[in-house]
Protein chains: 2
Amino acid sequence: MVSKNQIKLIASLHQKKYRDQNGLFIAEGFKVINELLHSDFELQNIYQTTALFSEKQLPVTTVSETDLNKMSALKTANNCLAVFKMAPEQAIAPQGFQLVLDDVRDPGNLGTIIRLCDWFGIPQLICSLQTADLYNPKVVQATMGSMTRVRVIYTDLSAYLSSTNLPIMGTFMDGVNVYATPLPKEGILILGNEANGISSAVEALVQQRLAIPRFGAVQKTESLNVATAAAIFLSEMRRRD
Amino acid sequence: MVSKNQIKLIASLHQKKYRDQNGLFIAEGFKVINELLHSDFELQNIYQTTALFSEKQLPVTTVSETDLNKMSALKTANNCLAVFKMAPEQAIAPQGFQLVLDDVRDPGNLGTIIRLCDWFGIPQLICSLQTADLYNPKVVQATMGSMTRVRVIYTDLSAYLSSTNLPIMGTFMDGVNVYATPLPKEGILILGNEANGISSAVEALVQQRLAIPRFGAVQKTESLNVATAAAIFLSEMRRRD
C-alpha cells in the first residue's frame, strides 16, 4: 500500500523545485532502475505493479496500476518506478578531456549527450546552471543508465572557465574545420544552447572556434542538433587516439 | 472562417491513414511552413491567428486560437498551420551514396536523420515500409525544413537491396571499426531499428559490417541512439572527401 501523501510527494518530484527540496528523484522501468541499483545512487523505495524486484533486502512496495500512473512522469506508466536520493555535488576533476554544455535546455538532448559521454569514455560533463536538470525524469529515462557512469556537474561557467588552465575550444557555425584541426588530449570543448549557441560571456573565453563543415549542395540547413553535433565532435576526439 | 468539417479533416491528418487517403499533410510554425512554400511541395491552405503570411496569391484563412489548437498536432499550437499536398512517389536514383533505414520507428529520430542527410549532402534516404512516416507531424517539425531538400523514398528493402549493384554496408555492434575501414564513395549504408537493429532478412544482404568503437572504461552502454550513430557514420563518410 502507498498513501495519498506518498503519491503526492512522488508526483511532485516531476518538478525541479521539489526534487531539490527533498533531495530525491524518480526513475522508471526495470532497465533504468536496475542500472541505478548497481551504482552509487542510493535507493529510497521501489514501487511495482508486479514482482519484478524481489531481493529481500530491497525496499519494495506493490501498488495498483492506477497509483503507479499517478506517480509516473510517463504518459503511460511502466510496471515499476523507483525513488532514489540525488548524489552529493561533486567537484570538477581538473585534468583530462571535459565536455561543457552552455544552456542546453532540452532534456532529451542532455540525456543523449550523457549517453554519448559514456560511450566515448568522457568521465565528466560540466553544465551551466541553466542547462536542463540531470534529475528531470525525461533526462533520467533518456540516459538509459549512463548517468551512473558519467559525472554531471553544474557550475557557473564563466567563473570555471576563467580559472582553468586547460585549452578552451568552442563550437560555432563559423569555426575552423574540425576534421583538419589537431585536438588536444586534455582540454575543454563547449557546446551551446539549441537556439542561441554559446553565450557571449562564455564565447569571450573560448580560445579556439571549431565547426563541423557543411556538405549540402544547397546550404540551407541552419545547424545540426546539439546532440548530433556532440556525437560528431566526440567521435573526432576519440578516432585520433 | 473555417468550418467544423474542415477542422475535423485537418485534425485527422495527424494519422497516417487519413494522410494517405487525402494525400495531404500538415506543417506548423512560420519557419517550417516558409521552407515548404519555397520548395516543390504544393500548398493547399494556410491557417493563421495573426497576419504572418500576407502575399496576395497565397490561400490564407485567419482562424481563432481555439480552432488552431483543434487542428494542431502540438501540445500548444503555434500561430500558424499549413496543409500541403504529399509529393508523388519517387524512384531511387541508382548511383551515389545512399543511407538506408531498416524500421527506424521514432519520428524524432527520422526527422533528425533527414536533417543530417541535408547537412552532409546525402540526396536520398531510403526507408523500409515500416519506418516512421515522413509526413507524421512530428517528423515534419523535426526536419526543420530539410525534408524539402532530401528525397525520402519508402520501399521493400529486401527487394531493393537484392537488385542493386552498389556495395552494401550495415551497422552492427560487432562490426569492424569504421575509423579504420575504407568507405566507398558510392554505396549503401544501412542503420537498423532502435531496439532490434537490422532485421535478419536485410542482414543477410549486407556485405560489410561496420561499428563505431566504444571507448568507455566500463563498457556497459548498450548502444548509441540511431540518430547519433547516423551523425557519426555520415561524418566519417564526408571527412574523407
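The model shown is predicted, which means the values in this text are computed figures rather than measured ones.

### A word on the relation of the copies chain B and chain A
With an RMSD of 0.0 Å, the fit of chain B onto chain A corresponds to turning through 180° and sliding 0.0 Å along the axis. A rotation of that kind, with that shift, is consistent with a two-fold axis. Here 100% of the interface residues in chain B have copies in chain A that are interface residues too; the copies meet face to matching face.

### Description of the interface of chain B and chain A
At the interface, 33 residues of chain B touch 33 residues of chain A. Of the roughly 3100 Å² buried between chain B and chain A on both sides combined, carbon and sulfur atoms contribute 60%. Two residues, Glu 236 of chain A and Arg 239 of chain B, come together in a salt bridge whose shortest N-O distance is 2.6 Å. One can count 8 residue pairs in polar contact (both at pLDDT 80 or more) joining chain B with chain A. Of all the secondary structure elements, the ones that give two or more residues to the side of chain B that touches chain A are α5 (107-119) and α9 (226-239) of chain B. When residues of the side of chain B that touches chain A are assigned to their parent elements, the largest contribution, 8 residues, is made by α9 of chain B. Of the residues assigned to the side of chain B that touches chain A, the class counts are 13 nonpolar, 9 polar and 11 charged.

### Brief notes about the UniProt feature "domain: MRM3-like substrate binding" (unreviewed entry) in chain A
Within this numbering scheme, the UniProt entry marks residues 5-82 of chain A as carrying the feature "domain: MRM3-like substrate binding" (unreviewed entry). Secondary structure across residues 5-82 of chain A divides into 38% helix and 22% strand, with the first and last C-alpha atoms of the span separated by 16 Å.

### Description of the nonpolar core
Among the nonpolar cores identified, the biggest contains 106 residues, and Leu 125 and Ile 212 of chain A together with Leu 125 and Ile 212 of chain B are the most heavily contacted of them. Ile 212 of chain B has contacts with Trp 119 and Phe 120 of chain A together with Val 178, Tyr 179, Leu 224, Ala 229, Ile 232 and Phe 233 of chain B, leaving out every residue within four places of it along the chain.

### Brief notes about the sheet that holds strand β1 (residues 24-28) of chain B
All names here are of chain B. One open sheet holds the 4 strands; their spatial order is β1-β4-β2-β3, and the pairing between them is mixed. One side of each edge strand has no neighbouring strand; the edge strands of this open sheet are β1 and β3 (60-62). Taking the axes of each pair of neighbouring strands and ignoring which way they run, one obtains an average angle of 20° across the sheet. Here helix α1 (residues 4-12) sits on the sheet in contact with β1, β2 (43-48) and β4 (80-85), set at roughly 110° to β2. Sheet strands in contact with helix α3 (residues 30-37) are β1, β2 and β4, and its direction is about 30° off that of β4.

### So, helix α5 (residues 107-119) of chain A
One turn of the α-helix equals 3.6 residues, which is why residues spaced by three or four share an orientation. Residues and elements named next belong to chain A. Between the first and last C-alpha of α5 there are 18 Å, a value that for 13 residues agrees with the 18 Å anticipated at 1.5 Å per step. Of all 13 residues in α5, 12 are buried, a share of seventy percent or more. For α5, every residue scored as buried is listed here: Pro 107, Asn 109, Leu 110, Gly 111, Thr 112, Ile 113, Ile 114, Arg 115, Leu 116, Cys 117, Asp 118 and Trp 119. Directly after α5, the chain includes Gly 121, whose backbone phi takes a positive value near 65°.

### Looking at the sheet that holds strand β1 (residues 24-28) of chain A
Residue and element names in this part refer to chain A. With mixed pairing, the 4 strands of this open sheet are ordered in space as β1-β4-β2-β3. If you trace the sheet from one side to the other, it starts and ends with β1 and β3 (60-62), each paired once. Strand-to-strand, the axes of this sheet are offset by a mean angle of 20°, without reference to chain direction. Pairing between β1 and strand β4 (residues 80-85): 5 bridges, direction antiparallel.

### A closer look at the pattern of salt bridges
Residues and elements named next belong to chain A. Enumeration over the complete set of coordinates arrives at 22 salt bridges over all chains. With its nearest N and O atoms 2.9 Å apart, the salt bridge here joins Asp 174 to Arg 209. With Asp 174 in strand β8 (residues 168-177) and Arg 209 in strand β10 (residues 208-211), this pair connects stretches of sequence that are 35 residues apart. For Asp 174, a relative accessible area of 55% corresponds to the exposed category. One salt-bridge network, held together by shared partners, links Glu 35, Asp 118 and Arg 149.

### Brief notes about the domain arrangement of chain A
Residue and element names in this part refer to chain A. Splitting chain A by domain gives domain 1 (4-85) and domain 2 (97-239). Centre-to-centre, using C-alpha coordinates, domain 1 lies 30 Å away from domain 2. When domain 1 packs against domain 2, the two sides together hide about 1200 Å² of surface, and 65% of this comes from carbon and sulfur. Three residues, Arg 19, Val 32 and Glu 35, lead the burial of domain 1 against domain 2; their summed loss comes to 36% of the area buried on that side. Connecting domain 1 to domain 2 are 2 salt bridges. Linking Glu 35 and Arg 149 is a salt bridge whose minimum nitrogen-to-oxygen distance equals 2.9 Å. Taken together, the links from domain 1 to domain 2 amount to 4 residue pairs in polar contact (both at pLDDT 80 or more). Where the side of domain 1 that touches domain 2 is concerned, the elements lending two or more residues are α2 (16-22), β1 and α3 (30-37). Each residue belonging to the side of domain 1 that touches domain 2 can be placed in one class, and the counts come to 8 nonpolar, 2 polar and 5 charged.

Conventions and cut-offs
Residues numbered from 1 in each chain as written. Chains lettered and ligands numbered in written order. Predicted model: local features only at pLDDT ≥ 70, side-chain atom pairs only at ≥ 80, totals over all residues. Heavy atoms only, no water. Least-squares fit on C-alpha atoms with pLDDT ≥ 70 in both. Contact = heavy atoms within 4.5 Å. Buried area = accessible area lost by both parts, 1.4 Å probe. Salt bridge = Lys/Arg side-chain N within 4 Å of Asp/Glu carboxyl O. Polar contact = N/O pair within 3.5 Å; in protein donor to acceptor, adjacent residues only side chain to side chain. Helix = DSSP H or I, 4+ residues; strand = E, 2+ residues; numbered from the N terminus. Nonpolar A, V, L, I, M, F, W, Y, C, P; charged D, E, K, R; others polar. UniProt positions renumbered as here; feature names shortened; annotations may be inferred. Core = buried A, V, L, I, M, F, W, Y, C linked by side-chain atoms within 4.5 Å. Buried < 20%, exposed > 50% of the residue type's maximum accessible area, 1.4 Å probe, protein only. Pairing = 2+ DSSP bridges. Axes fitted to C-alpha atoms, helices over the stretch in contact; angles between N-to-C directions. Expected span 1.5 Å × (residues − 1). Domains from an automatic or database assignment.

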